[in-house]
Structures are given as structure tokens and as C-alpha cells.
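# Architecture at a glance
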6 protein chains.
Amino acid sequence: MDKLIEKAGVLIEALPYIQRLANKTVVIKYGGAAMLSEELSSKIMQDVTLLKFVGVNPILVHGGGNEINGMLEKLDIKPDFHNGLRITDDDTMDVVQMVLTGRINKDIVAKFGVAGAKAIGLCGKDANLITAEKKMADDGTDLGHVGQITSINTNLLDLLVKDEYIPVIAPIGVGKDGESYNINADTVAGEIAAALSAQKLMFLTDIDGIRSDPDDPESLISIITIDEIYDYIESGVISGGMLPKVDGCIKAIENGVKRTHILNGTIPHPILLEIFTDKGIGTMVRKTIEE
Amino acid sequence: MDKLIEKAGVLIEALPYIQRLANKTVVIKYGGAAMLSEELSSKIMQDVTLLKFVGVNPILVHGGGNEINGMLEKLDIKPDFHNGLRITDDDTMDVVQMVLTGRINKDIVAKFGVAGAKAIGLCGKDANLITAEKKMADDGTDLGHVGQITSINTNLLDLLVKDEYIPVIAPIGVGKDGESYNINADTVAGEIAAALSAQKLMFLTDIDGIRSDPDDPESLISIITIDEIYDYIESGVISGGMLPKVDGCIKAIENGVKRTHILNGTIPHPILLEIFTDKGIGTMVRKTIEE
Amino acid sequence: MDKLIEKAGVLIEALPYIQRLANKTVVIKYGGAAMLSEELSSKIMQDVTLLKFVGVNPILVHGGGNEINGMLEKLDIKPDFHNGLRITDDDTMDVVQMVLTGRINKDIVAKFGVAGAKAIGLCGKDANLITAEKKMADDGTDLGHVGQITSINTNLLDLLVKDEYIPVIAPIGVGKDGESYNINADTVAGEIAAALSAQKLMFLTDIDGIRSDPDDPESLISIITIDEIYDYIESGVISGGMLPKVDGCIKAIENGVKRTHILNGTIPHPILLEIFTDKGIGTMVRKTIEE
Amino acid sequence: MDKLIEKAGVLIEALPYIQRLANKTVVIKYGGAAMLSEELSSKIMQDVTLLKFVGVNPILVHGGGNEINGMLEKLDIKPDFHNGLRITDDDTMDVVQMVLTGRINKDIVAKFGVAGAKAIGLCGKDANLITAEKKMADDGTDLGHVGQITSINTNLLDLLVKDEYIPVIAPIGVGKDGESYNINADTVAGEIAAALSAQKLMFLTDIDGIRSDPDDPESLISIITIDEIYDYIESGVISGGMLPKVDGCIKAIENGVKRTHILNGTIPHPILLEIFTDKGIGTMVRKTIEE
Amino acid sequence: MDKLIEKAGVLIEALPYIQRLANKTVVIKYGGAAMLSEELSSKIMQDVTLLKFVGVNPILVHGGGNEINGMLEKLDIKPDFHNGLRITDDDTMDVVQMVLTGRINKDIVAKFGVAGAKAIGLCGKDANLITAEKKMADDGTDLGHVGQITSINTNLLDLLVKDEYIPVIAPIGVGKDGESYNINADTVAGEIAAALSAQKLMFLTDIDGIRSDPDDPESLISIITIDEIYDYIESGVISGGMLPKVDGCIKAIENGVKRTHILNGTIPHPILLEIFTDKGIGTMVRKTIEE
Amino acid sequence: MDKLIEKAGVLIEALPYIQRLANKTVVIKYGGAAMLSEELSSKIMQDVTLLKFVGVNPILVHGGGNEINGMLEKLDIKPDFHNGLRITDDDTMDVVQMVLTGRINKDIVAKFGVAGAKAIGLCGKDANLITAEKKMADDGTDLGHVGQITSINTNLLDLLVKDEYIPVIAPIGVGKDGESYNINADTVAGEIAAALSAQKLMFLTDIDGIRSDPDDPESLISIITIDEIYDYIESGVISGGMLPKVDGCIKAIENGVKRTHILNGTIPHPILLEIFTDKGIGTMVRKTIEE
């Protein structure tokens, strides 16, 4: 019985957080190692399902680089990168779209179905959800179908989240002539959170958060300001795959998103841990330290 | 961190129960010793608040015998009972109404306010919520303002529970000329659950449930059928204050209520324990054993 | 037949007033001698019911000083006043709340039921309708639970008046920790009218209105401006129990209430007389004389 | 002041009737002498406006025989009747439609505007409100554009009465090819009341009601049953212009209309007198005497 | 089959225009010769019905000078004009109202019924749709019931067009005392388009549009600016019956109407031709040439 | 101008069909050769877009056998069939899902975007739209992921079609554990039309319809009854890929679908031709010949 009462206590601890997030939108970027493990992945779906059922409006944006590479390999298409951006020719774009929207996206949606939630798998082509245009590399290199977002059309998302649905979004943009664009999933998450003035934006990554010393896990930063981020970028502490995440946070904050987080998606139930514990986990990005 | 993950696991365990009760009505009869302890009482309010915020529609019906007696004593009015029913003369009725609707009811409502929920304190007089008529004792004794329910008007409850409110109901009925009736709170809870075809009806009492041997705490019955209840009543195993509770369960079941429970309100978080654990606690009353 | 036609004429005379008040909110403070007579009281309920059924949204705020004193006396608690404010210790507060919300409020509600209207009895604790904080006497005397309003939460009132309900409000406020506050009913009426930008605020008192010579019934003032009120307060013409009424009027006017009135509640049907006659009765308080 | 209080009493007397008719539909046939007097007519408009503003949904159907005859005369078209039905050739139909829908109907509507109500002037052609087909005389005489109703389309009326509008209907039907039909206004009123399952149907005529002796004003019948009507028709007591009125009553009653009345429209405020007095005026037609 | 495919192509050509006008309001002034031919008239009704069914909200305003003159003649009332305005004495006003609202208006409505659309025939008296006051001639001549618009009440139109109805409006205004006013139909169309901020306003006239040389059909102007119109008025190129049309266009444009057109209503399907062809027909009036 | 007027006439010819289908649901199965030609495909999207904009609710179900085979070939997976059903092992299922939901489905959706319509690409996994279970071959052969439908969940479709969206559905079902099922697209179209009680179901195929002599294009049957279909199946006239189409028609008809059609999708604008011409094209399947 004591065990049971303790469990009840855990539920009650969650109550103030549930109250605070009631009817609020939370955008979650899901990718990396957390996607590769069936077990971790199913826990993420549970977390998001729980959010939906306690009255929060979650929206999931996912990546899928590893699976894309696997399929390209099977098809003998050699991946080609330029400064970290995948050069996306027509054949590659076709594979990127198929794998993201046809395999990963719909499989996530099916897992939600098993968890008892109603998810809808979308990409930027659905009702022109994410319109995009060609993005040129800084040095003028033609990156093919790499795109940058020109608009997020929030009507469809509003319709779905007010009803019983969880939107699951693959980071494919659509151009004026219906052509496909390959867009960084972190960027998509940031822009969607911004367009919806979400309450919270969370990046589930493979590390615990931002470190002041990238090689030292103990140097995790709990709270970081936008100004500090710019300093760290300049000094090279923040670089590579962390860049679109911090950009996404900044973009979101500047558009009214209250809380943005970078956290480790490879521990069980990372979303619940961040939301339903006082301290939270990972790194929170803020406008200013006092706030 | 393991501790945290364990907590997340507790939340996830609750998920299927939350899903099952989403948008469903749960009527809770709250009374006895659980009302007398500030600490227990505040835990009950938290439980009910949590239910509301995870999408369930709780309705609370309360008693208040002890406080009524205290006030009668202060006013030098001697309580008078006939076969367990309080003979309710005009002065007594006035005190019963004042204490139930003016002190206990509004204090419960205030505690919900502190817990962050919006509760509305009602009695049968509000919008003719509970209409009643004079009830005569079986032997013809005049019981004064003791009443029996003639109708429950569900419109007001529907309006409130569909919005953000928790109705808290004092067991006072209203007659055709506006006169007050003193009604057993267990009966009120059963009739309201029946009128609303609630998903669940819970009686929070001072003991763990129905016992096959009233003197043996170990003889707690987990599941009991209506037929078995009738046998136990006949044999005297079920008697006294347990009678209106089992009557309430039967009335409710016969009107489509899915689950009815009698459980101990003096342990912490009894509502969460019953709802969010597989086995539940206390005694569940069912139509038939197989169901 | 002529008698009948004359009656029809009376109804037609009321038409322009009904048209003008359609869907408008009217806040009525009800107290004093009018509450003590069953006959007068039942006429007030009829008046308010009629308003509701011809498309006006009435809200009733009531007092109850006399009945509180009676109960305090029965309980051997000696009333204690300081500059006209009841020093409200814990025991007194308990009685004030019980009598106001448990007896007077619910009895009014029951009378509406008899009149065929659906009234809901509320106090500041219901859904945090009236939040309050401790009020100190000007000279620093501790007045106990005497409170001043910090906010009126209009959502609940909006929900009820748009539907078929008449809110009946007891002047009890609620503090941050759920504690009770005793608030002047005139003040509550003024603040509620202000918060709702009501069309009209009416104080039913024991005298005909404001008199330029308090001792001369013939000196009744039909229309008075805010500036004139300040002059009369300074000169002592307006004092005592009339002060919170005129304060309520001024507060309401400054928040957009169109018409405020002080009138005699001890004549039959005072509300209808004020509303459905050209000249009205009592004193109307206005911003300026021209208006 | 006593005079005023008496007036308030009249309003209160009307309350139970207002409560009973709240949100109910009342169809009123308006015609005959009551239409010819500006003064009487303006009182009728006031009555109907009052109904609308106290929450009833009135619908007005009007006739106009006198004005039609006047216009026919001016145009040198000789009226021609067959068994009381106007033989309606093309030219006559044109005049009937113009006078009914273009003069009388729109002038009634304008009077409502002056009374502060929003009325909409309709005929059967508007949104196919009243579809009709050619009606043959019993003896096979061609009656021209005399029509019988084939359907009443209630959608438009529902839309208007739920909003703030009073429909005013001219008794013109429309055929399959858009051709006009001249229909008895009493019949239209009865069919509309039937189609809407109105609460009440009232015929404003030039006499006080049905008399058991047509020549003796003292022989007014207060309540008459359908069976009695059939007897009176057989015996010739009910005949002529009274026939379509009693037919309308019977048709309406058989389709669920609760109350049907034939009353004198030439006394001031006949509608209010019937509705807001206990005994009512005129003759009430009922299914059975006990009811 | 080729013939069929060509037809499908015509439908597809209309698609972008349908998309552009979806849920937009189009006000059409219908009058002159187009009203006199049954065949042309029925084509206009088809055009408007098609607009309604493809998601556009058409509103029709009609004139009727010819028929008014015919009826005046039959009644031996001599038409009298002053500077192109009909001097409208009481008898004339009566005829104007009867013919416009009772014959032309309701006959148009019936034709819509045959075409399968639901039209409602209205004039300014219905729900005070068009309020007006007496208009004096510039030289002080008393024009009788000639009126100028003081307000357009859009609530009724909004209710009807959001539902399945097509409003058909006769140009009669209503004064403060319910009196009738005779208003130029072109002016009414312009004011209604302005009040509703319609997307488009179309005048169906007897000529192809504005000509730079009134006598030369070849001199049709496709697009004209407001400034050019003023020049043409000054030089007398635009005069007579064209004046209220260009005034209506200017008034509408200044109130946010996007497109205004003057076109020939005597060719078959003029509305479809203007809307569903790239070049359109007739003269388009614009604020500026570049736009 | 004559050319223009002729075009207007074509639009008017479409009007009665538009009126008949207003707010009705039309399910279109799109597959085969029509999908392989960019030009034909874009005409189909225009047809469906036009339907949506003239007030019809189209739903598109698509196949994709050819593209699946192409991708299987690239991945060196050998297609394997058993009695016309693709034996779908895990790798094949993965490719089927990817190609159908990730390439074909989203590319169709993008084409709608270009056409100015808002389409949403769905498969059975989205919100459990199509639940399925394993289907065994009649001879017991294990067909792998070949599935048969157990339920269609219409809530999501209702939400989307009532709003501005066109659902585009890939024929993938979802099992209890989230596993994928490969379902015949014709069967999916029939079941969705049945579940929604659609007004119309259309199969766009590569031939003109059902032929009484499969080898003789001249033997096209315009109207066929269910009984005749059973005869033709028995005699082998109807066989192969035509079987699921006629099954879909029968299933749909038995569930209340009014009209079902099999027609040639390789001619331009086949949907418009069927809907907007009197005779229609292709074969119409009916319950009985008289109907």
C-alpha cells in the first residue's frame, strides 16, 4: 500500500506542470539515436501520448538521416555533403522524401496508434504546410533540392490540435511548382514553434545538452542565454549539428515561444523528465538570465 | 536520474486509465473521517483536481454529519434519530442547511481554488438541481424535513462539467414550495451518478470496503455482485450506514453506471489509488460476476 | 374589457424599456428591510424573474446583517464594530459565511425556483469569483477577516447569464490560501457591475434615495452627479451606510456602467418601478448633469 | 405611487404566461377590419413586437381583400367570385400579388420598424416558402390562379425566428414553373402553424369568436371541440368566412399545435388580451373538451 | 468525345476565377432592357444561380422604371420628372413600391426558385435594410418621396448570404416614420457594395460600357480611372443615366470594393462572361490605371 | 463574342449537376495508366480541384503498382504473385509503403497544391484510418502482409472534408500492433465510399468500362446491374483486375452509395465528363435496372 501511495504522490507532483501546460502547444524535434532504438522510440511515443491526454497539444517533427543513408546505399547512390548540408540531386531527393514521409513518418504514426493516440503524418506538401525555396550554399555551390522555409501554414495544424490529433511532421518543403525541398528538421521544428507561438520547444538529441567544454560531460550548462550562445558559436564551442538546434531555439524565442530546451533523447522518457520535474533536464535556452 | 525515470514510469502506468476515462463523468461521495483531517482532505482535493486536468469530469457530493452535530450542540438543539434517520425539525433543518451549504460546501470549494481548480458549490436548491418530497418513516413516524429525491436536473451539471468547473454538491433537496429537505448524501451521489449515466461512482468511507465478516478486516471483498449484496443484507452482514451506499451502487448500476466502488477515504489519495492501479482498492460492486 | 385593455396598455408602456435593456446586464444589490419581509422579498424575486424572462440579464448581490447578528447572539458571540466595520474574528467569520452563503443565499435561490426561474447561489469562493485580501482600518486596528476585493472573475458569470441562469451572490471573498473575507455587499455589487460593464446598477435600501436634508423625506434628490456626491460627503450629508452605496455607484460609472440607482426596496416591486416607468424612482447617480 | 405599483402588478401578472411561451412559436393571422384602421393596426404591431422582445417567436400572416378590390376597381377589373373563392385570372393575380406583397406586406414591415422590431416581408415565392398547385372548384369551374398548398418550407422561417426577425407572410403560393397562386390567408396561417408545430395559432377576425347563434353576440362560445365544429358546420351555424378559420384550427391541432384561437381583432391589443389574461378572449378550439 | 473534352476544358478555364471569388460577395445591379426579355432575364438568373452554387455570394439589386410607367399609365397617373428624377407624390410612391417590391421583385425571386436557387425578395423596409431621408432637388424643387440613403443595415444580408440564400433587393428606402422613399437603383447597388466591402460590383445596362464618344460603339473604354471619369463628366461625355452608375462605382471603390464594372446586360450570360473570361467585357472602373 | 457566349452555355449546362452534388461526397479511385502521364495526371487534379471548389467533397484513393515494381527492381527484390495478389514479405511491404505513401501520395498532394487546392496525404496508419488484418489466400498460401480491411474510421475524413481539405489516401492498412498491410486500392475505395455513404464512387481504369465481349471495344455496357455482374463473373467475362472494381461497386451500393462508375481514366478530364454530361461515360453499376 505504501508503494501505491508513493505512486499517487508522483502523479500529484505532476499536477502543477499539467495545469501550467493545459491547452498549450509543445513542439518536439525527435531524431538521432532515440529513433534507432525500438524501446526508446516507444517510450517517446508514450510520453507524447500522455501529454495529449493530459490536455497539452504536442506536435512532433522528426529527422531520419541514418535511414536515408541506408536506403541511398542500397540504391547505390553516394551521399554527398557540402559544409554539413546534403547535396540533394533529384534521385537523392526522391529517396529522402520516400524514406522520411513514407517509412519513418508513417511508422511513427502507427506507433502512436498502438499507444492509443491518433496521429496524422504530414510533410510540407500537405496543404502547403511548409513552403520553401532553393537555398544556395554561402560559397555558391549548388546544393540541389536543399531548401529554406518561406512560410508555415498553421491553419491545418490548428484544426488538428484543437481536435484529437497529434501532427507528426517530416521535414520536406514544397516549392511553387510542387517540387520537393530537403530541409533541416531542427530548422523546421524551430519555425513551426515560432509560427504557432508554442509554449515550449524541445530538441531531443544524442547528448545531454550544451556543454561549455564539448569534451567534458560534466560541463553541461543548465540555462544559457542567447547572448552566451552567440559567444560560444564565435569561440567554436557550439558547432556542427548543434548549430541548427540553437538557431531554432533563438528563432522560436524571438517569436514568443516561452521555453526552449536541448536534451538527451536517449534516456527513457526524456520529455516527461523535462516537463514533470522541477529542475528539468538538459539545457534551457532563454532570452536573458533573469527573465 | 534513475529515480526520475522511475517517476516517469509511474506517469506512463497511469496513461491507459487516463485514456479510458477521457471525457467521462466520475461521481465521488466524500464524507466521514476523511473530511475531518485537513491533510487527508487536501489530498482528496488534489486527486479530484488531477482528474479534472487529465480530462475526466469529476463531481463531488459531500456529507457533514459531524459538523452538523457540533453546531446543533452549540445551539442547544438535541439531535434526534429514528432508525438511523435524523428527525429534522425546522430549527434542525436550518442548521443542517447552513452547515452543509454554508460552511462545508464552500470550504471545499475554496480548497479547490487553492489547488488551482475551479469548483462551484451547489445544493439541490440551485436551479432546482435536486427536487424532493417529504419521506415518511416506514412506521409512519414524522421525520420532519427528511426528504426523498423526486428528480435530478442535469442541465446545470452538464453546462459546468463541459466547461472548466467541478461541481461540489451538498445533499439538500428542494420541495415544490422552496422548502428544504435533508437527504442522505450517499443517496444523492447514487442518484446523480444514475441521472448522468456516469462512468464511475465512488464512495469514500471510513473502512476499506465491504467485509464478509464485519469484524474481520481481512475479510474485505474485492468484487461483489448485486445478488450477493441482497444476500448479505438479508443476513445482516451489510447494515447501518453501509446500506445507503450499496443502494446507491445498485441504483447507479441499474441506470447504466459502469463501475461503482466503496473504498477507504482515510488513506492518502484514495481516488488515484482506485483509478490508477490495476487491482484498485476497496470493494467494487458489479451487476454480475462475469460481466 | 376596458380593464383588460388598460392592462394591455401597461404592458405596451414597458416595451421601450424592455427593448433598451435586451441582453443587457443589470446588477441589483438587495438587502436591509426588504429582505426581512417574506412578502416584499417574494415581490423582488418576481421582479428579477420577469427581467430574466423579458431578455435582461439580472445578477443579484445580497447582504444579511440582521440574520448574522441573530445567529451570533444565539451562539453567544458578541458583535464588535469599528467605525461601522464589523471586526470579524475567526468564529464570527464562520458565522458570517454560514448565514450568508448557507441560509440567506440558498433561500433566495429557492424562492427563484418557486417563481419559475433558475438561480445559482454563489459566493466569492466559487471558482474564485471574488478574490480578496485583508483590509486594515485606517487607524491600524486589526479588523480580522474584513477584506477588500482584489479581483472579480467574470468568466463564470458570463457562462451563467448567457444561459438560463440568474447568479445570486453572497459578499464573501476568498484569499490566496482559501481563507474567507467579509466584504461589504454594496462594494461587491459595485465591483461586479464595474467588472461586467453592466448597463445598470441598483441599490435597494431602506430609504427612498439620497436626501439633501437627511431628515427631510421631501428633500429626495432625483439625479445627482459624482461631483455633488463628493460635496455632500464632505459636508456630511452623505454618510454611514450610504457611503459604500455611492462609492459603488462611482466605481461602477467610472468603469462604464451606464445607469446607477439608489432606491427604496421596501415598496412593492421597486425594480420594475425603476425600470419600467419614465421618471423612475429613487436617486440616479450620474457622471455629469447633462450627460 | 399606488398607480405605479398597480402597473408593476400588471407586469407580474403577465410573468407566468411569458414563462410558458418562452422560445415558442405563435402564428397570427391578421386581416379584416383590424387592418383598415391605422390605430388598431399599430396596436397589433406593438403586441407582436412585445411578444418578440419577451422571448416568443411570432409569425404574422396577413390578408388584404379590401385593398385588392380597391385596386381592381381602379384598374377596371371586375372581381368575380365562385362559391366565395375569387376567380383569379392573370390580370387579377398580378394585382393580388402586387397589393398583397408590394403594398400591405411591406407597409406592415415598415410599421414594425417604427415599433423597433425587425420584420421581414415574405410571400410563398421567397425561397419557395409556400409551394402550391392549381385548385379546382368542386364543380369543376376553372378558378384561374386559385391554389392549394403542396408544401411549406420551414428552413427559412427557422433561420429568421431563431435570429432577431419577425416573418410577415403574404398568402401567395408558387407553382413548379414559378407561377403565382392566390391562397386563402386563413389556410396559409393554419398550414404554417402545422408545419412548425407552433405553440399557438390565432385568427384575428371582425367578430368576437364563434357564436352558437350567429345573430346573437351573447352566444359566444369560449371553448369548442373539433367534433362540435363538425356539427355546427353541418347545421350551418359555422359557414362562409369562418370555414377556412376553423379548418385552419383543425389542421393545426392535428399537427401538434397546442392552442388555436379565433378572436376579435378590432378591439385594442387583442393578442395581449388573449395571451396575458387567465380567461383569454374569443373562442378557443380544442381537440376534446377535457383535454 | 472531342466535343465533350472541349466542354470539360471550358469548365477548367473557369476554375481560377471560381477560386478567386470563393466566399466573396458580388453585387449585381440588374435593370433596363435585360429585364424586359424573358429569355435574357432567365439567363441572368442562371448566371447568378451558378455563382451561388460555385461558392460566391451574389446579391441582386434591381430597377423597374418601365413597368412603373406602365402601371402609372393604367392608373392615369402622369409621370413627372425633374432633371431626370421622378417627382414622386404619394400616389406615385404607392405605385412605385407596389410594382418594384410586389411584382418585379417577387417575380425575380420565383425565377430563382425555378432555377433551383433560394432567393429572398427584400426592400429597404425589411428590417430597416435601407434607411433614407427626403432628398431635395438642387434647385429646391420638392421631389416628393425621392430619397437619399442614410444607412445600409448589413446584419440581415450577412445572415442570408452565409446561409443558402440570394438576396434580391428593390430600391425602396424607409424613413424614420416608416414612410417610403424612391431611390435610384444604381445608387442602392453602389451603397450596398460599399457597406459590405464587396469583392465586385457589376452594373448591367443597355450598352456595352462607357464610350469615349457616346455615339461611337467602337469607342468602348475597357478600363477607366476615377480621375478620367471626372474629366468625362465635366466634358459631358458621361451624363444622364450613366451618372448614378459611375457614382456607384466610385462610392464602392472608395469603400474598399475591389472591382467595379459597367457592362451590357442584353447579351446572353453577361455575368459569366465578365467573371469567367480573362479580358472580361464592358468597362472596368478603377482607382488608378496601374493599380 | 459568340465563342464566349458558347463557353458561358457550357458552364450553365453544368449547373444542374453542381446543384445535385452540392455538399455530397465523391470517392475517386485513381490508378493505372492515368497516373503515369504527367499531362493526364494534372488534368485529373484539376477535375478534383474543380469539384472541391464548386461545393462537392471529393476523396481520392490511389494505387501505384508500376512504381512499386520499379523500386523493387532497383532494390533487387523479385516481385512474387499468387493468383493476382502480390506476396508481400517484410522487405516488399517496406517498399510498397514507402513508394505509395512517400512518393506517389505526397506527389499527388503537391500537384493539388499547385492547382490551388489543399490536399492531405493519408494512409491507413494515420489515426487508424484503415485497420486491417492478415488475409490468407483461399488455398492457404501465406501472402505475407496482404491484408483485408476490418474498419474504416471516418471521423478524420469528416473533419477534413467539412473544412477546406481534399483527402488523398494510399491503400495501406494498419494492424493491431501497428504492422503494415498491403490492400488492393480498389477495395479501399469501395470500403471508404461505403463507410461514408458517399453519393458517388468512380474507378478510373485503363479501359472504357465493362464490355460484354472483353475483346470488343464496341461492346461497352453503359448500365449494368449487380445480378448481371454476378452472371458475367460466373461466365468469366468479368475477371482479373476488374473483379475488385466491381466488388467495390457492389459493396458500396449495398451500403447506400447512390452511383458507382467504372470509366476510362486515360482520356482528358474523365471525372468532369462523367459528372457534367447527361449520358456520362463508362459503365454505371446499379442495383437494379429500373431503379
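Calculation criteria
By convention here, each chain's residues receive numbers from 1 onward along its written sequence. Whichever chain is written first becomes A and whichever ligand is written first becomes 1, with later ones labelled in order. The model is predicted, so local features are restricted to residues of pLDDT at least 70 and side-chain atom pairs to those at 80 or more, both for listing and for counting; the totals for chains, interfaces and linings are taken over all residues. Values reported for side chains reflect all heavy atoms of the structure, with hydrogen atoms and water molecules removed beforehand. Every helix listed is a DSSP run of H or I at least four residues long, and every strand listed is a run of E at least two residues long, numbered separately from the N terminus. Computation of the radius of gyration draws on C-alpha atoms alone. For the globule rule, the value is 2.2 Å times the number of residues to the power 0.38. Partly exposed residues are those whose accessible area sits between 20% and 50% of the maximum for their type, while under 20% is buried and over 50% is exposed, using a 1.4 Å probe and protein chains only. Between two residues, a contact is recorded if the distance between any of their heavy atoms is within 4.5 Å. Summed over both partners, buried area is the accessible surface (1.4 Å probe) that two parts give up on being assembled. What makes a salt bridge here is a side-chain nitrogen of Lys or Arg within 4 Å of a carboxyl oxygen of Asp or Glu, nothing more. The term polar contact refers here to a pair of N or O atoms within 3.5 Å; inside protein, the definition further demands a hydrogen-donor-capable atom paired with an acceptor-capable atom, and it admits residues adjacent in sequence only when both atoms are side-chain atoms. Strand pairing is defined by DSSP finding a minimum of two bridges between the two strands. Think of each axis as a best-fit line through the C-alpha atoms, taken over the contacting stretch in the case of a helix, with angles from 0 to 180 degrees between the N-to-C directions. Stacked, tilted and edge-to-face are the three classes assigned to paired rings of Phe, Tyr and Trp, where Trp is represented by its six-membered ring and a pair needs centres within 6.5 Å; plane angles under 30 degrees give stacked, over 60 edge-to-face, the rest tilted. Fitting of the copies onto one another was done by least squares over C-alpha atoms, counting residues only where both copies have pLDDT of at least 70. Any residue with relative accessible area above 30% and no salt bridge may belong to a patch, with like charges joined within 9 Å and the nonpolar Val, Leu, Ile, Met, Phe, Trp and Tyr side chains within 5 Å. What sets the accessible areas is the Shrake-Rupley method with a 1.4 Å probe; for residues, cover comes only from the shown protein chains. Positive charges come from Lys and Arg, negative ones from Asp and Glu, while His and the chain ends are left out of the count. The atoms used to mark charge sites are NZ of Lys, CZ of Arg, CG of Asp and CD of Glu. Should an angle lie under 35 degrees it is considered roughly parallel, over 145 roughly antiparallel, and from 65 to 115 roughly perpendicular; all remaining angles are considered oblique. For this scheme, ten residues count as nonpolar: Ala, Val, Leu, Ile, Met, Phe, Trp, Tyr, Cys and Pro. Four count as charged, namely Asp, Glu, Lys and Arg, and the remainder, Gly too, count as polar.

Turning our attention to the overall build of chain A. Helix and strand counts for chain A stand at ten helices and 14 strands. Expected size for 291 residues packed as a compact globule is a radius of gyration near 19 Å; at 19 Å, chain A falls within 12% of this value. Oriented by its inertia axes, the alpha-carbon framework of chain A measures out at about 60 × 45 × 35 Å. In chain A, buried positions account for 59% of the 291 residues. For chain A, the share of sequence-separated contacts (at least 6 apart) that also reach a separation of at least 24 residues comes to 72%.

What follows is about the interface of chain B and chain C. Counting from both sides, the interface comprises 37 residues of chain B and, opposite them, 37 residues of chain C. Around 2,900 Å² of area is buried between chain B and chain C when both sides are counted, 60% of it from carbon and sulfur atoms. Of all residues in chain B, the largest losses of buried area upon contact with chain C belong to M98(B), K106(B) and L159(B), amounting jointly to 20% of the total for that side. Linking chain B with chain C are six salt bridges, by the criterion used here. Two residues, D94(C) and R103(B), come together in a salt bridge whose shortest N-O distance is 2.6 Å. There are 20 residue pairs in polar contact (both at pLDDT 80 or more) connecting chain B and chain C.

All names here are of chain E. An order of β5-β8-β2-β1-β11-β13-β14-β12 is seen for the eight strands of this open sheet, with the pairing classed as mixed. This sheet does not close on itself; its edge strands, each paired only once, are β5 (118-123) and β12 (223-225). Within the sheet, the average angular offset between the axes of one strand and its neighbour, ignoring direction, is 20°. When β5 meets strand β8 (residues 165-170), the two strands line up parallel, connected through six bridges. Paired with I120 across the bridge in β8 is P167. Sheet strands in contact with helix α8 (residues 226-235) are β12 and β14 (283-286), and its direction is about 80° off that of β12.

Residue and element names in this part refer to chain D. Here the structure, examined in full by the defined rule, presents six aromatic pairs over all chains. Between Y17 and F276, the ring centres sit 6.5 Å apart and the planes meet at 75°, which makes this aromatic pair edge-to-face. Taken together, the residues Y17 in helix α1 (residues 2-21) and F276 in the loop between α10 (270-275) and β14 (283-286) connect sequence positions 259 residues apart. On the accessibility criterion, Y17 (13% relative accessible area) is buried. The class of F276 is buried, set by a relative accessible area of 8%.

Glancing now at the relation of the copies chain B and chain C. Two copies of the chain are present, and they differ by a rotation about an axis and a shift along that axis. The two copies are related by a screw operation: chain B maps onto chain C through 180° of rotation and 0.0 Å of translation along the axis, at an RMSD of 0.0 Å. This pairing of chains is accounted for by a two-fold axis. Among all C-alpha atoms of chain B, that of G102(B) lies closest to the rotation axis, at 1.7 Å. A shared interface surface links the copies, since 100% of the contact residues of chain B are contact residues in chain C too.

With 34 residues of chain D at the interface, the matching set in chain C holds 34 residues. When chain D packs against chain C, close to 2,800 Å² is buried across both sides, 81% of that on carbon and sulfur atoms. On the chain D side of the contact with chain C, L11(D), I12(D) and F53(D) bury the most area, a combined 21% of that side's loss. There are four salt bridges connecting chain D and chain C.

What follows deals with a negative patch on the surface. A cluster of acidic residues, D80(A), D89(A), D90(A) and D91(A), forms a negative patch at the surface. For D90(A), the location among the structural elements is in helix α5 (residues 90-114).

A separate point is the sheet that holds strand β14 (residues 283-286) of chain C. All names here are of chain C. Judged by pairing direction, the sheet is mixed, and its eight strands sit side by side in the order β5-β8-β2-β1-β11-β13-β14-β12 without closing on themselves. Where the open sheet ends on each side, the last strands, each with one partner, are β5 (118-123) and β12 (223-225). Across the sheet, the mean angle separating the axes of adjacent strands is 20° when strand polarity is ignored.

This brings us to unusual backbone geometry. For H269(A), which is not glycine, the phi dihedral falls at a positive 55°. Within the secondary structure, H269(A) sits in the loop between β13 (259-264) and α10 (270-275). A positive phi is found at S197(B), a non-glycine position, where the angle reads about 45°. Within the secondary structure, S197(B) sits in the loop between α7 (185-195) and β11 (200-205).

What follows covers the packing of helix α7 (residues 185-195) of chain D against helix α9 (residues 242-254) of chain D. Residues and elements named next belong to chain D. Packing of α7 against α9 leaves a shortest axis separation of 8 Å and a crossing angle of 10°. Between α7 and α9, the angle is such that the two are roughly parallel. Contacts between α7 and α9 involve D186, T187, G190, E191, A193 and A194 from the first element and P244, K245, G248, K251 and A252 from the second. By residue class, the composition of the contact of α7 with α9 is four nonpolar, three polar and four charged.

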